[in-house]
Each structure stands twice: as structure tokens, then as C-alpha cells.
Amino acid sequence: MLLNYLYSNFHEESHFLEVIGTSLPELRRWMDARIAPEASYIFESKGHSSSFVSTHDECETYRFHLKGHAQWYQSLSRLGLKEEAQARCYFFHRYDAAKKGFMGSELGRELRRAASDVEPRFDLDLANSTWEHFLGGVYGVCTRDGQPETIFLKQAGVKFVEALSSKGPGLLAADELELLQRTVELLDGVASDFAPHEVPLSSRQRCVKDVRANFLSKISMPESDMTAI
């Protein structure tokens with residue numbers, strides 16, 4: 001099941017190089033220059049094969065890059081970004097635009113009123129850790145496409161869901177539950193499915209599955225919404 005998940009959502013490194021149109025040495029130079037993310041998964045395989053002709057033992061290491069990260073590499077080439085400061089500036093130009101757009105949206109305004117302590121957490125420390133995690137391939141694990149906009153929405157979704165659900169099951173008013181439901185749906189759309197062995201430890205389990213089971217299971221939803229979840 002793990003390999004099925006990886007090949008469905010990621011490119012093995014040799015194929016990733018073909019997709020982004022570069023060589024392994026160039027890929028390593030981008031990573032070493034801290035302008036592009038590392039592989040999100042490293043899979044070490046030890047196998048034994050036997051057939052009518054012969055037997056064979058093999059040990060290989062495979063690196064998997066999120067399919068969406070190809071867009072980042074292509075942007076680096078298109079924009080001629082070769083230094084970390086340039087790449088970071090480009091990342092946060094997009095990230096901050098997503099933040100501004102979301103916080104100014106109807107949902108964002110409602111969430112800011114309901115959980116006013118969340119927005120100030122998007123500070124310099126979070127920005128620094130976000131960039132480091134991006135370079136380390138972490139957001140290839142926990143977001144669907146690894147793009148700056150999706151990373152912000154994933155962070156916001158987790159933080160607001162945690163804030164809204166902090167009262168505990170059975171203690172939220174109807175309007176609070178409705179807001180929590182919409183926020184969970186937002187998070188569900190941007191958070192990755194996670195590899196099968198990771199799900200129990202993931203933000204998807206904590207902030208989507210558990211919240212739906214403990215807070216939202218008795219909320220009636222329009223049929224169109226139910227089929228979208």
C-alpha cells in the first residue's frame with residue numbers, strides 16, 4: 001500500500017528529473033543552494049527475486065518528490081532564481097498573498113472574530129520554520145501540492161480547527177459548529193491524505209477525521225456537500 005501511495009502522489013527521482021527537465025547534479029545544486037525542496041520520502045528496498053533462469057538479491061534507495069513540486073522547479077528556471085534570498089522572497093510573495101486573500105475572505109473574517117489569537121501566530125518564527133520545512137520536503141508530505149498558497153491554507157486550517165475545537169465536544173453553539181465544519185472542509189481540501197502508516201499520527205487524523213467524528217457527526221448537511229467530502 002505504501003508504494004501505491006507514493007507512486008500515485010509522487011515522482012520517483014529518476015522520473016522527476018525527466019518531468020522538470022534537468023540532471024541529478026543540477027537538482028543537487030539547487031538543493032544545496034537552498035532554493036528547492038529535498039525529496040519528501042526516501043524508500044529503502046531490499047528484495048529477492050527468483051525465476052526459472054536465476055535468483056537475484058537487490059538493495060536500492062528510492063527518493064520520491066511530490067508531483068506538485070515540479071511547478072516550483074519550473075518556476076526557478078523560468079524566473080532565473082539562483083540564490084536562497086531570491087527563492088525565499090518569491091515563496092513568501094505567494095504565501096503572503098494567500099494569507100491576505102484568505103484573512104480578508106468571508107470565512108477568514110469569521111475565523112478571525114471567533115479565534116482572534118490565531119492570526120498573530122503567523123509571525124517571523126513561523127515564517128522561518130515554514131521555509132526550513134519547505135526546503136526539507138516536509139510540505140510534500142502534508143500538503144496536496146506543496147505550493148506556498150496551499151502551505152498557508154494548511155497551516156491556517158490546522159490552527160483555526162484546533163482553536164475552534166478547544167472547548168471540547170458538546171460545548172459549541174450551532175453557529176460555532178457550522179464555522180468549524182467549514183474550516184474542516186477547507187483543511188480537508190489542502191492537507192494530503194498521508195501515507196497509510198502516517199495517518200494515525202497526522203494532522204488529518206487529529207483535525208479532520210477526529211473532529212468530524214467528535215464534533216460534526218450529528219450535523220445535517222446538504223446532499224451535495226456530503227458527496228464532496
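Definitions and cut-offs
- Residues numbered from 1 in each chain as written.
- Predicted model: local features only at pLDDT ≥ 70, side-chain atom pairs only at ≥ 80, totals over all residues.
- Heavy atoms only, no water.
- Pairing = 2+ DSSP bridges.
- Helix = DSSP H or I, 4+ residues; strand = E, 2+ residues; numbered from the N terminus.
- Axes fitted to C-alpha atoms, helices over the stretch in contact; angles between N-to-C directions.
- Phe/Tyr/Trp six-rings, centres within 6.5 Å; stacked < 30°, edge-to-face > 60°.
- Lys NZ or Arg CZ within 6 Å of the ring centre and 35° of its normal.
- pLDDT = per-residue confidence, 0-100.
- Contact = heavy atoms within 4.5 Å.
- Buried < 20%, exposed > 50% of the residue type's maximum accessible area, 1.4 Å probe, protein only.

Observations concerning the sheet that holds strand S1 (residues 10-12)
Working step 1: The strand order across the open sheet formed by 3 strands is S1-S3-S2, and the pairing between neighbours is antiparallel. Looking at strand neighbours, the two that pair on one side only are S1 and strand S2 (41-50), the edges of this open sheet. Adjacent strand axes in the sheet meet at a mean angle of 35 degrees when their direction is disregarded.
Working step 2: Two elements, S1 and strand S3 (residues 55-66), share 3 bridges in a ladder whose sense is antiparallel.

Thoughts on the packing of aromatic side chains
Working step 1: As enumerated under the stated definition, the model contains 17 aromatic pairs in all.
Working step 2: A connected cluster of aromatic rings, assembled from ring pairs, spans Trp72, Tyr90, Phe91, Phe92, Tyr95, Phe102, Phe122, Trp131, Phe134 and Phe152.
Working step 3: Directly above the aromatic system of Phe122 lies the positively charged group of Lys159, at a separation of 5.9 Å from the ring centroid.

Focus on the confidence of the model for the protein
Working step 1: The share of residues in the protein with pLDDT of 70 or more is 95%, and the mean pLDDT across the chain is 94.
Working step 2: Long-range and interchain partners of residues 222-229, a stretch whose pLDDT sits below 50, account for 5 contacts in this model, where long-range means more than four residues apart.

Brief notes about unusual backbone geometry
Working step 1: The phi dihedral of Arg34 is positive, around 60 degrees, even though this residue is not glycine.
Working step 2: By the secondary structure assignment, Arg34 is in the loop between helix H3 (24-32) and S2.
Working step 3: With a relative accessible area of 28%, Arg34 lands in the partly exposed category.
Working step 4: Notably, Phe194 is not glycine yet its phi reads approximately 70 degrees, a positive angle.
Working step 5: Its place among the elements puts Phe194 in the loop between helix H10 (174-190) and helix H11 (203-216).

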